[in-house]
Amino acid sequence: MTTATRTAAGLPPAWADGLLVCRQVHDVTADVRTFVLAPTEPRLFRHDPGQFLTLCLDIDGEPVERCYTLSSAPTRPDLATITVKRVPGGHVSNWLHDHLTPGGTVWARGPLGRFTINQHPAPKYLFLSAGSGVTPLMSMTRALYDLAHPVDVVFVHSARTFDDIIFRRELDLIAATSPNFRVRHVLDDHGEQLNARMLRSFAPDLAEREVFTCGPAGYMRAVRDMLAAEGFDMAHHHEESFTFEPPVAAESEPGVGTGTGFKVQLARTGRTIECDAETPVLAAAAREGITLPASCAQGMCGTCKTTLLSGSVDMRHAGGIRPREIANNKILLCCSTPQEDLVIDV
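Residues numbered from 1 in each chain as written. Predicted model: local features only at pLDDT ≥ 70, side-chain atom pairs only at ≥ 80, totals over all residues. Heavy atoms only, no water.

> What exactly am I supposed to notice about the sheet that holds strand β4 (residues 62-69) here?
Paired through backbone hydrogen bonds, the strands of a sheet run either parallel or antiparallel to each other. What the six strands build is an open sheet, ordered β4-β3-β6-β1-β2-β5; its pairing is antiparallel. The open sheet has two free edges, formed respectively by β4 and β5 (80-85), since each of these has just one partner strand. Between one strand and the next, the sheet's axes are offset by a mean angle of 40°, whatever the strand orientation. Pairing of strand β1 (residues 18-29) with strand β6 (residues 105-112), which is carried by four bridges, proceeds in the antiparallel orientation. Paired with valine 21 across the strands is threonine 105, a residue of β6. (Pairing = 2+ DSSP bridges. Helix = DSSP H or I, 4+ residues; strand = E, 2+ residues; numbered from the N terminus. Axes fitted to C-alpha atoms, helices over the stretch in contact; angles between N-to-C directions.)

What follows is the structure in structure tokens.
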């Protein structure tokens, strides 16, 4: 490595937006694999625990983008890992499981995301996860454990069976070797389902904790309802999701309109929806029962990127699109509101 590739501190510069090579693949459970990734030139992964990468893939000639949380911790910056569950019919997860092997490469953007303990430092945490939603919380756990932070963590993970618990052995080891971590599992095949009584049992001091939640949409709704029913201050609850749900009561939410006003034509399908100047196109489409590719729904990941063929929008993104893409009439549907009638390439 030449001095030109090092920072003033003598370390390689930070990696961002580029090609990654797969170094190893580990089977975690029967349908979950961890992919160990490294930059193709000397770089370090500097990120907050809980952030994600957006993989930009070409699958059978079709460009596809998907978000995957970094399950690794920034305390081990030479490599990054993503942990992916094979989903029946899942276009990208199946491709990764079937085709990404040591020596293979993927292009990625990031790290991105605000779902991280670095944004919400606290003396006590409650981590609640289900299924592959464990990954960002594992990144946070690994970082806290590596740095021997004197914080109190209760980690409650829900899974179908004992064999489906992702990172089970590592979580057990962390709990056994650190007095600050307590790990609990909730298993479907034992007839268990996370409820308020369990929460009070696992964390009787719930009101004193910062809560981070990640899992399927139904699981996160149930957690929100539980916490609210317990009188928990929801300002201390944070969640991550890469599935987009339209607003339930959009007309009563600030910044979201009624979904009427401008016409938005979906060029490939020939369908037309209505969308007002306060509603993102993605939300208006979802309200009409139309599912479009999307992940973070916050203007960060780029999954909902498409071409604006006609019309103009107000786009307030968070880094998920580049200036040259904007110059080429690309927009992010999740954070673009119409200023006139639109035609988009979906």
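> Honestly, the side chain of arginine 168 in this entry has me stumped. Any pointers?
Turning to its location among the elements, arginine 168 is positioned in helix α3 (residues 168-177). Summary of buried charges: arginine 168 has no salt-bridge partner, and the nearest side chain of opposite charge, aspartate 172, is 4.6 Å away. Not counting the four nearest positions on each side in its chain, arginine 168 is found in contact with Phe162 and His185. (Buried < 20%, exposed > 50% of the residue type's maximum accessible area, 1.4 Å probe, protein only. Lys, Arg positive; Asp, Glu negative; His and termini not counted. Salt bridge = Lys/Arg side-chain N within 4 Å of Asp/Glu carboxyl O. Contact = heavy atoms within 4.5 Å.)

> Just to check I follow, could you spell out the nonpolar core for this structure?
Soluble globular proteins tend to bury their nonpolar side chains together. Counting 24 residues, the largest nonpolar core has Val264, Leu292, Met315, Ile331, Leu333 and Ile344 as its most contacted members. Going through the elements one at a time, β12 (262-266), β13 (271-275), α6 (281-287), β15 (313-315), β16 (330-332) and β18 (342-344) are the ones with two or more residues in this core. Core analysis: the second largest hydrophobic core is formed by 22 residues, Val32, Val153, Ile166 and Phe167 among them. (Core = buried A, V, L, I, M, F, W, Y, C linked by side-chain atoms within 4.5 Å.)

> Is there a simple way to think about the side chain of glutamate 65 in this case?
Secondary-structure assignment places glutamate 65 in strand β4. Given a relative accessible area of 18%, glutamate 65 falls into the buried group. For glutamate 65, the side chain forms a polar contact with the side chain of arginine 109, separated by 3.3 Å. (Polar contact = N/O pair within 3.5 Å; in protein donor to acceptor, adjacent residues only side chain to side chain.)

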